[in-house]
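What the coordinates show
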Amino acid sequence: MDSALTLIGLPIALGIIMLGLGLGLTIADFRRVAQHPRAAVIALVCQVLVLPALCFGLVVAFDLAPELAVGMMLLAASPGGTTANLYSHLFGGHVALNITLTAINSVLAVFTLPILVNLSAAYFLPDGRSIGLQFDKVLQVFAIVLVPVAIGMLIRARIPHVAERLNRPVRILSVVVLVAVIAGAVLGERENIADYFVSVGLAVLAFNLLSLAIGYGVPRLAGVDRSAATAAGFEIGIHNSTLAITIALSPALLDSTQMAIPGAVYGIVMFFTAAAFGYLVTRVGTRSTATVQP
């Protein structure tokens, strides 16, 4: 779980991928988000309020061990991961909305994550522990998301012909890198995967699937367009498992391998469930378009 691939390789790889996302963005994309804040507000409410309540219900329903329960709540409290931006990019989501939500959630997590995890520790553990605010981890999220995107956007603004030529190759490279990361994560944990899934796999899978469904379904019911709802679905359904694992394993924080297990299992499961979710949403969108055409 605490391999170089998980703690170092994945953030670096995703940071490189974010450069490609920036090549397809302009300032106008972010202005449109500000002009249509409904999707952003709904997604943030789901992320900060609905998901922790949902996760708590699942933890109780599955009767998880105390350390695993706190690990699940830690995962629910973690902001959206940079992987959400990539999947949104690949499956037609509003990437600018993803990036904006990730940035806002990262700031909110400085305050909400310690509060939620401390409350969970006090509830589930007889010797409840506290954690720090993790400013350095929040800064890492900002660096991984915003810096490469800003560079890509700068290239597009200053030399658009270069951005257009790079866009398709970088998109293909994004898929290749993502597949490589998935394969590396699975191979690196092959000896422990069975034990992890037995202990917490069903709870993690249920949380992941419900998060994706809520993230997409609630905005759609509120009248948000499909692109923004897709972005919200990925943002809410894909948490920053690397952050959760780091906090759980850090000797200065929770210092618990068991609390890191939900994040480790989630970090593997989410790649496949998110791909399936993206495929289904794309199919639904294609059918809807075909239906309205004369």
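Residues numbered from 1 in each chain as written. Predicted model: local features only at pLDDT ≥ 70, side-chain atom pairs only at ≥ 80, totals over all residues. Heavy atoms only, no water.

Going by an unreviewed UniProt entry, the chain carries the name Bile acid:Na+ symporter, BASS family and comes from Micromonospora coriariae.

Attention shifts here to the overall build of the chain. A tally of regular secondary structure across the chain gives twelve helices and zero strands. Listed by position from the N terminus, the elements making up the chain come as α-α-α-α-α-α-α-α-α-α-α-α. The buried share among the 294 residues of the chain stands at 52%. A separation threshold of at least 6 residues defines the contact pool for the chain, and within that pool the share at least 24 residues apart is 83%. Looking at the chain as shown, the accessible area adds up to about 13,300 Å², and 68% of this sits on carbon and sulfur atoms. (Helix = DSSP H or I, 4+ residues; strand = E, 2+ residues; numbered from the N terminus. Buried < 20%, exposed > 50% of the residue type's maximum accessible area, 1.4 Å probe, protein only. Contact = heavy atoms within 4.5 Å. Areas by Shrake-Rupley, 256 points an atom, 1.4 Å probe, with all protein chains shown as cover.)

In this model, aspartate 63 sits at a positive phi of 50°, which is unusual for a non-glycine residue. Here aspartate 63 lies in the loop between α3 (38-62) and α4 (66-77). Accessibility expressed as a relative area gives 66% for aspartate 63, which makes it exposed.

So, on to a nonpolar patch on the surface. There is a patch of nonpolar side chains on the surface, built from Val41, Val45, Val48, Leu49, Val50, Ile104 and Leu108 and spanning about 510 Å² of accessible area. Here the nonpolar patch gets five residues from one element, more than from any other, and that element is α3. Tracing the backbone shows isoleucine 104 in helix α6 (residues 95-124). Judged by its relative accessible area of 33%, isoleucine 104 is partly exposed. (Patch = residues over 30% accessible without salt bridge, like charges linked within 9 Å, V, L, I, M, F, W, Y side chains within 5 Å. Salt bridge = Lys/Arg side-chain N within 4 Å of Asp/Glu carboxyl O.)

Turning our attention to the environment of phenylalanine 56. Considering the arrangement of structural elements, one finds phenylalanine 56 in helix α3. Sequence separation between phenylalanine 56 and alanine 76 is 20 residues, and the spatial gap between their C-alpha atoms is 9.0 Å. When residues no more than four places from it in sequence are discounted, the contact partners of phenylalanine 56 are Met73, Tyr123 and Phe124.

Now for the nonpolar core. By size, the foremost hydrophobic cluster in this structure holds 51 residues, and its most contacted members are Met72, Leu74, Leu113, Val200 and Phe207. The set of elements that each furnish at least two residues to this core consists of α3, α4, α5 (82-90), α6, α9 (193-221), α10 (226-237), α11 (241-249) and α12 (257-292). Considering every element that reaches this core, the biggest residue donor is α12, with twelve residues. When neighbours within four sequence positions are excluded, leucine 74 is seen to be in contact with Leu113, Val117, Ala244, Ile247, Ala248 and Leu254. (Core = buried A, V, L, I, M, F, W, Y, C linked by side-chain atoms within 4.5 Å.)

A separate point is the side chain of serine 120. Of note, serine 120 is situated in helix α6. Given the relative accessible area of 5%, serine 120 is considered buried.

Taken as a whole, this structure holds nine aromatic pairs when the rule is applied. When the ring of tyrosine 87 is compared with that of phenylalanine 91, the centres are 6.3 Å apart and the planes differ by 5°; the resulting orientation is stacked. In this structure tyrosine 87 comes out as buried when scored by relative accessible area, which is 3%. For phenylalanine 91, a relative accessible area of 22% translates into the label partly exposed. Cluster of aromatic residues (ring-pair linked, three or more members): Tyr87, Phe91, Tyr216, Phe234 and Phe277. (Phe/Tyr/Trp six-rings, centres within 6.5 Å; stacked < 30°, edge-to-face > 60°.)

Let us now look at the packing of α4 against α6. Orientation of α4 relative to α6, taken along the N-to-C sense of each, is 165°, at an axis distance of 9 Å. Comparing the axis directions of α4 and α6 gives the class roughly antiparallel. Along this stretch, α4 crosses α6, giving a crossing that reads as right-handed. Of the residues in α6, those in contact with Pro66, Ala69, Val70, Met73, Leu74 and Ala77 of α4 are Ala109, Leu113, Leu116, Val117, Ser120, Ala121 and Phe124. Classifying every residue of the contact of α4 with α6 by side-chain character gives twelve nonpolar, one polar and no charged. (Axes fitted to C-alpha atoms, helices over the stretch in contact; angles between N-to-C directions. Parallel < 35°, antiparallel > 145°, perpendicular 65-115°, else oblique. Left-handed = near helix turned anticlockwise from the far one by under 90°. Nonpolar A, V, L, I, M, F, W, Y, C, P; charged D, E, K, R; others polar.)

Let us look at the packing of α5 against α10. For any two helices packed against each other, the geometry is given by the interaxial angle and the distance between the axes. Remark: α5 packs on α10, axes separated minimally by 8 Å, with the N-to-C direction vectors making an angle of 150°. With respect to each other, α5 and α10 are oriented roughly antiparallel. As α5 packs across α10, the resulting crossing turns out to be right-handed. The residues of α10 that touch α5, namely those facing Ala84, Asn85, Tyr87 and Ser88, are Ala231, Phe234 and Glu235. For the contact of α5 with α10, the per-class residue count stands at four nonpolar, two polar and one charged.

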